[in-house]
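# Reading the structure
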Amino acid sequence: MVIILAVQPAPEETIAPILWGLEEEGVPAVLYEVASGEAEALAKEAATRSPLNVGIGINLDNLTISLHHRNLPLERPLFTLRSTDLKPSHLQVLGTNAARLVKGDPLVLQDVHDETSR
Amino acid sequence: MPYVAGVDIGNNTTEVALAELTDSGEVRFLSSSLVRTTGIKGTVQNIPGVIEAMKRAAAPVGIARHQISLTLLNEATPVIGDVAMETITETVITESAMIGHNPSTPGGQGLGVGFTITLNELDTACSEKSWVVIIPGAVDFTEAASWLNRATSSGLRVVGAIAQKDDAVLINNRLHHIIPIVDEVKHIDRVPVNMQAAVEVAGPGRAIEKLSNPYDLATLFQLDPDETRRAVPIARALAGARSAVVIRTPRGDIEERRIPAGRITLIGQNRKVEIAVEEGAEAIMHSLGDVAPLLEVQAEVGTNVGGMFDHVCQVMAELTDQPVAGIRVQDIMAVDTFKPQQIQGSLAGEYALGNAVGLAAMVSTHKLPMQRLAGQLQEEIKATVAVGGVEAEMAIRGALTTPGTTSPLAILDLGGGSTDASLINSSGEIRSIHLAGAGDMVTLLIDTELGLEDRELAEQIKRYPLAKVESLFHLRHENGTVQFFREPLEPRFFGRVVVVSENGLIPLETREPLPKIVGVRQEAKRKVFVQNSLRALQRIAPSGNIRLISFVVLVGGSALDFEIPQMIADAFMAFGVVTGRANVRGVEGPRNAVATGLILAHLRRQAH
């Protein structure tokens, strides 16, 4: 499953859309709450622990959510959502993309995503 | 020692061959160059390109441009070609009789047959009938799920659902009883209410079995034999889909309608034939054979083809300073193809393949006023410029410098707007011919069949092989080779089929799998170039017998393509002909034939 690490408290209305995106694509995910951590580092740790090699890190104090992969360098997550990006539709797309990353399917791309440039 | 330059001004490229002539009448080739042709071939706008090409040829030899004592120009035979696509059928769904867009994540599994009803009406539904519930996008999936659960708990038989948003899985996961749910139905408001409907969703990796079988449709909807026959197009349209919906409306149907596409008139020396474009390419090409030798082709005014004919004649008229009325289209080529089109009356934006006919037309006239160009060039470079000889002849002479060749030799010039062939027999006589249908036609076919609406992208797909990006760090080329990257690939490439162009990867939007796109590309090349190569050689071969030609060399832009030369060689194998890309002077490949030939012809003239 995809692992999601969220700095507590992680409100339902933020977590739920991400989970729905994954659910609709049929990829299982598990959420763990942690005490602290930067979103990118948490995402990287989650990806490393996930048997599907994909992880999401959430730190709402910093208004940051990151999507990472086991094989990506720490400082280059696949996507990062910040502050104004944190709308339910964008959150759901992040979940969809996490699932598609696992499946190898083309990703949903929106301009608002802060794609770490390559 | 005099330096001589041969200059070939083509439609796309201007090529130069530079040589020095010894006192003993021998020639030593020194260098060559290639630049984009400036302006339209045969006009004084070509001069900047010619001068640039001459400069680039002179530089590596260490001589200045003005040291070139003689410049020979080709006597260009202007050939203008163009292409157009006519769609001849379209698919129409009447009375919203079916939904077959095959969304990627349908919900549940199984078959449900009942009457359609909107979610709001569900509370007042009767419990004797079965229901297929219509769920508009305004309703949240949690709400929809609990509504459906309430309904089933109160005794209603809910057997299936049709949802507007992409949330069939989300809804189904929250239901007490699994039902088949088809989602992503854009025009949910058009789904007929209170009609009998069947919803079927197959398991992962599988396809529906009932709604794609006319007899199962007959069973489910109690159809009589006539109605069953009418249901066949629907069943066929749904074959292979993972999910589908069929709605029994009074006269609902899916049908393919013919689109009138105009007529063309083929005028031969002895016969004249008028044929409707919608009869298809095979019929058109067959008629073309019937009226041979062909003198002229005319098209109906106001059609796509008619517009294309006008355009081609207009360009030629301007180029050669002749009245448009005097210009005739002398050859056409028709190819059957498919064009994905939105189905009229579709509920979910479905596409169907319509039949289409691709047409290429060609106009050629005898001579271009090259003298004018030569004169002006001479003034500008202050050196002697002469028009060196007929293009076809120069091309053959240049091609004969390919190691391993001898006459009888034919060259096939695979260009953008036309396919040209010339043949030299053992007595040195030369015949040549121009045919409509070449690189531009291939691009048009690829553009049409993949529904790209992007000619440039189609051009890239034509020229370069494809690959599938399988992970963040590797892709698999179409030939199976896997390529790894040190840096992760950009998200926009992930999971996509990409064109591996020389300027980087180009992601494709299409949902088609890679082998399908490769197939489209290869078929387009075969349909145009293999067919036209055979057509051309049959016309110029002695007694129409290709076997009597021993060697065929390929020149021109499309001769550089990574698969076309092999396809043509395969087609000619049956005739025992040696076919391959030219290798002018053993170093130039399929380039520089005319430029080289100009110098060789000049040498021959000097010797006499």
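Residues numbered from 1 in each chain as written. Chains lettered and ligands numbered in written order. Predicted model: local features only at pLDDT ≥ 70, side-chain atom pairs only at ≥ 80, totals over all residues.

A count of helices and strands for chain A gives 3 helices and 6 strands. Secondary structure elements in chain A, listed N-terminal to C-terminal, are β-α-β-α-β-β-β-α-β. For 118 residues, the compact-globule formula gives about 13 Å, and the C-alpha radius of gyration of chain A, at 12 Å, lands near that figure. Overall size of chain A, expressed as C-alpha extent along the three principal axes, is 30 × 30 × 25 Å. A buried classification covers 49% of the 118 residues belonging to chain A. Long-range contacts, defined as pairs at least 24 residues apart, comprise 60% of the intrachain contacts of chain A with a sequence gap of at least 6. (Helix = DSSP H or I, 4+ residues; strand = E, 2+ residues; numbered from the N terminus. Rg over C-alpha atoms; globule rule 2.2 N^0.38 Å. Buried ≥ 20, exposed ≤ 12 C-beta atoms within 10 Å, placed from the backbone. Contact = placed C-beta atoms within 7 Å.)

Here the focus is the interface of chain B and chain A. As a measure of interface size, the accessible area lost when the parts come together is often cited. The interface is formed by 17 residues belonging to chain B together with 18 residues belonging to chain A. Partitioned by chemical class, the residues of the side of chain B that touches chain A number 7 nonpolar, 3 polar and 7 charged. (Nonpolar A, V, L, I, M, F, W, Y, C, P; charged D, E, K, R; others polar.)

For the rest of this paragraph, the subject is the packing of helix α1 (residues 47-58) of chain B against helix α8 (residues 370-381) of chain B. All names here are of chain B. Contact geometry of α1 with α8 gives a least axis separation of 11 Å together with a crossing angle of 50°. In terms of their interaxial angle, α1 and α8 are classed as oblique. The handedness of the crossing between α1 and α8 is right-handed. Here Ile47, Val50 and Ile51 of α1 come into contact with α8, specifically with Gln376, Leu377, Glu380 and Ile381. Its residues placed into classes, the contact of α1 with α8 shows 5 nonpolar, 1 polar and 1 charged. (Axes fitted to C-alpha atoms, helices over the stretch in contact; angles between N-to-C directions. Parallel < 35°, antiparallel > 145°, perpendicular 65-115°, else oblique. Left-handed = near helix turned anticlockwise from the far one by under 90°.)

As far as domains go, chain B holds domain 1 (1-76 + 368-399 + 596-608), domain 2 (82-90 + 259-364) and domain 3 (96-250). Distance from the C-alpha centre of domain 1 of chain B to the C-alpha centre of domain 2 of chain B: 38 Å. (Domains from an automatic or database assignment.)

Next up on the list: the environment of Leu148(B). Residues and elements named next belong to chain B. As for its position among the elements, leucine 148 is in helix α2 (residues 141-153). Using a count of 26 C-beta atoms within 10 Å as the deciding quantity, one classes leucine 148 as buried. Along the backbone, leucine 148 and leucine 119 are 29 residues apart, and their C-alpha atoms lie at a distance of 8.3 Å. Those residues in contact with leucine 148 that sit more than four places away from it in its chain are Val133, Val158 and Leu175.

Here we take up the sheet that holds strand β9 (residues 130-135) of chain B. Residue and element names in this part refer to chain B. Read from one edge of the open sheet, 7 strands run β7-β13-β12-β8-β9-β10-β11, paired in mixed fashion. Taken across any chain shown, the strands that pair with only one partner, and hence form the sheet edges, are β7 (98-99) and β11 (181-182). Taken together, the 6 bridges between strand β8 (residues 110-118) and strand β12 (residues 196-201) define a ladder with antiparallel strand orientation. Within β12, the position partnered with valine 113 by the bridge is alanine 198. (Pairing = 2+ DSSP bridges.)

The next thing to look at is the nonpolar core. Grouped burial of nonpolar side chains is what soluble globular proteins tend to show. Ranked by size, the top nonpolar core spans 120 residues in total, and within it Ala361(B), Ala399(B), Ile411(B) and Met441(B) carry the most contacts. Among the domains, domain 1 (1-76 + 368-399 + 596-608) and domain 2 (82-90 + 259-364) of chain B are the pair contributing at least three residues each to this core. Listed in part, the 87 residues of the second largest apolar core include Val27(A), Ala163(B), Val169(B) and Ala237(B). (Core = buried A, V, L, I, M, F, W, Y, C linked by C-beta atoms within 7 Å.)

It is worth spelling out the sheet that holds strand β1 (residues 3-9) of chain B at this point. Remark on secondary structure: sheet strands pair via backbone hydrogen bonds, oriented parallel or antiparallel. All names here are of chain B. Strand order in this open sheet of 5 strands is β3-β2-β1-β4-β20, and the pairing throughout is mixed. Both outer strands of the open sheet, β3 (27-36) and β20 (384-390), are each paired with one neighbouring strand and no more. With strand direction ignored, the average angle separating the axes of adjacent strands in the sheet is 25°. On the sheet, helix α9 (residues 391-399) packs against β4 (68-75) and β20 and is oriented at approximately 85° with respect to β20. Against the sheet, helix α14 (residues 593-607) engages β1, β2 (13-21), β3, β4 and β20, with an angle of about 135° to β1.

On to the pairing of strand β25 (residues 474-477) of chain B, then. All names here are of chain B. Relative to β25, strand β24 (residues 466-469) is paired through 3 bridges, and the arrangement is antiparallel. Bridging across to β25, alanine 467 finds its partner in histidine 477. Between β24 and the antiparallel strand that follows it, β25, lie 4 residues. One ladder, built from 3 bridges, connects β25 with strand β26 (residues 482-484); its direction is antiparallel. Bridge assignment links leucine 475 to a residue of β26, and that residue is glutamine 483. Linking β25 to β26, which pair antiparallel, is a turn of 4 residues; within it glycine 480 sits at a positive phi near 95°.

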